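Secondary and tertiary structure notes
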Amino acid sequence: MAQARSQDTRIRPAAVAGLFYERHPDRLRAAVSELLGQTPSSPQSLPKALIAPHAGYVYSGRVAAAAFATLAGHAQTITRVVLIGPAHYVAVRGIVVPSAEMFETPLGGVPVDRAAISALARLPFVAESDAPHAPEHALEVELPFLQTLVAAFAVVPLLVGEASARQVADVLRRLWGGPETLIVISSDLSHYHDYDTARRLDAATAAAIERNDWESLGPGQACGFLAVAGLLVEAARRVLNVRRLALCNSGDTAGSRDRVVGYGAWMLEPARP
């Protein structure tokens, strides 16, 4: 039966289980729970959006947990997650959605919100393609955190290629919804600089994100810069505040310091009067 499910074209099977995170369900659940337990967070209100990294858990799991821990105590409100990040492996024009009806991880299947995807069909820069989604880790690695915290939800998986920040913002505007909808932007920061250079670059990127200077973001600042920039465009229109939760790089976690990748976590919430 498991083999038949993995061959079902309506199901997008896990691509990086055993590589970026634990393959065994019990060990994965324990690892995610441990990461979340190390970063307790109890914001007064449910975040509208999160920015979280997507490297292997040994490298960026602690930073990702800082973002997702903000959902604790409020996650029962969420029934839909708009999950958007960069396409790393297959060249993409615009923004691509999958044909799959479910995304699987070792913790089970997450249904895809096909109705939400259908609502994007008239946008000329949105296309359906499974090839970019099949090997992609950027969205997949966020799901076990969400599955651990949110009882039941549907996902809207979006991969960004050659697009503009305003196109991303247009998609987010159409999917924004109310408190039932959480937006998760998946992005790492600078790539493969030495430790001190990365710290300087990532500090500047973090400051740009926090002052909503989306136009200064580029591929050298973050692999998911377009998704981040699109969120910031829409966040400015809706008057959301950006709060930093964590900032470090792989040299602080599990890697050497001569060639590091940067990670940051932020939450966005309505501005208080």
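Residues numbered from 1 in each chain as written. Predicted model: local features only at pLDDT ≥ 70, side-chain atom pairs only at ≥ 80, totals over all residues. Heavy atoms only, no water.

**Examining the pairing of strand 12 (residues 260-270)**
- Counting buried positions along strand 12 gives 10 out of 11 residues, so the element sits mostly inside the fold.
- Here three bridges tie strand 2 (residues 49-52) to strand 12, and the two strands are oriented antiparallel to one another. Bridge pairing in strand 12 links Leu-50 to Met-267.
- In this structure, strand 10 (residues 191-193) lies alongside strand 12, joined through two bridges in antiparallel fashion. Across the sheet, residue His-191 finds its bridge partner in strand 12, namely Val-261.
- Where strand 11 (residues 240-249) lies against strand 12, nine bridges are found, and the strand directions are antiparallel. (Buried < 20%, exposed > 50% of the residue type's maximum accessible area, 1.4 Å probe, protein only. Helix = DSSP H or I, 4+ residues; strand = E, 2+ residues; numbered from the N terminus. Pairing = 2+ DSSP bridges.)

**Some thoughts on the nonpolar core**
- In terms of nonpolar packing, the biggest core is built from 93 residues, with Phe-68 and Leu-158 touching the most fellow members.
- The residues touching Phe-68, leaving out its near neighbours within four places in the chain, are Leu-36, Leu-50, Ala-52, Glu-142, Phe-145, Leu-146, Leu-149 and Val-184. (Core = buried A, V, L, I, M, F, W, Y, C linked by side-chain atoms within 4.5 Å. Contact = heavy atoms within 4.5 Å.)

**Let's talk about the environment of Ala-203**
- You can see Ala-203 is positioned in helix 7 (residues 195-210).
- Along the primary structure Ala-203 and Gln-147 are separated by 56 residues, whereas in three dimensions their C-alpha atoms are 31 Å apart.

**Here's the deal with the packing of aromatic side chains**
- Per the stated rule, a full pass over the model turns up three aromatic pairs.
- The interplanar angle of 50° and the centroid separation of 5.1 Å between the aromatic rings of Tyr-57 and Phe-145 together place this pair among those described as tilted. A residue pair is termed long-range when its members are at least 10 positions apart, and Tyr-57 in helix 3 (residues 57-68) and Phe-145 in helix 5 (residues 143-149) qualify at 88 residues.
- Residue classification places Phe-145 among the buried residues on the basis of a relative accessible area of 1%.
- When the ring centre of Tyr-195 is taken as origin, the NZ or CZ atom of Arg-257, which lies over that ring, is 3.9 Å away.
- Cation over ring: Arg-259 sits above Tyr-192, and NZ or CZ is 4.2 Å from the ring centre. (Phe/Tyr/Trp six-rings, centres within 6.5 Å; stacked < 30°, edge-to-face > 60°. Lys NZ or Arg CZ within 6 Å of the ring centre and 35° of its normal.)

**Brief notes about the sheet that holds strand 1 (residues 11-12)**
- Here three strands make up an open sheet; going across it, the order is 1-5-6 and the pairing mixed. One side of each edge strand has no neighbouring strand; the edge strands of this open sheet are strand 1 and strand 6 (108-111).
- Across two bridges, the pairing between strand 1 and strand 5 (residues 102-105) is parallel. Residue pairing for strand 5: Arg-12 is matched across the bridge by Phe-103.

**Description of the environment of Ala-134**
- Considering the arrangement of structural elements, one finds Ala-134 in the loop between strand 7 (126-128) and helix 5.
- Accessibility expressed as a relative area gives 45% for Ala-134, which makes it partly exposed.
- The sequence separation of Ala-134 and Gln-167 amounts to 33 residues, and the corresponding C-alpha distance is 23 Å.
- Those residues within four positions of Ala-134 in sequence are excluded, and the remaining contacts are Arg-12 and Ala-15.

**Digging into unusual backbone geometry**
- Positioned with a positive phi, Tyr-192 is a non-glycine residue whose angle comes to about 70°.
- Structurally, the position occupied by Tyr-192 is in strand 10.
- Classification of Tyr-192 by relative accessible area gives partly exposed; the value is 48%.
- The backbone of Val-239 shows a phi angle near 60°, a positive value even though the residue is not glycine.
- Along the polypeptide, Val-239 turns up in the loop between helix 8 (225-238) and strand 11.
- Residue class for Val-239 comes out exposed when judged on its relative accessible area of 53%.

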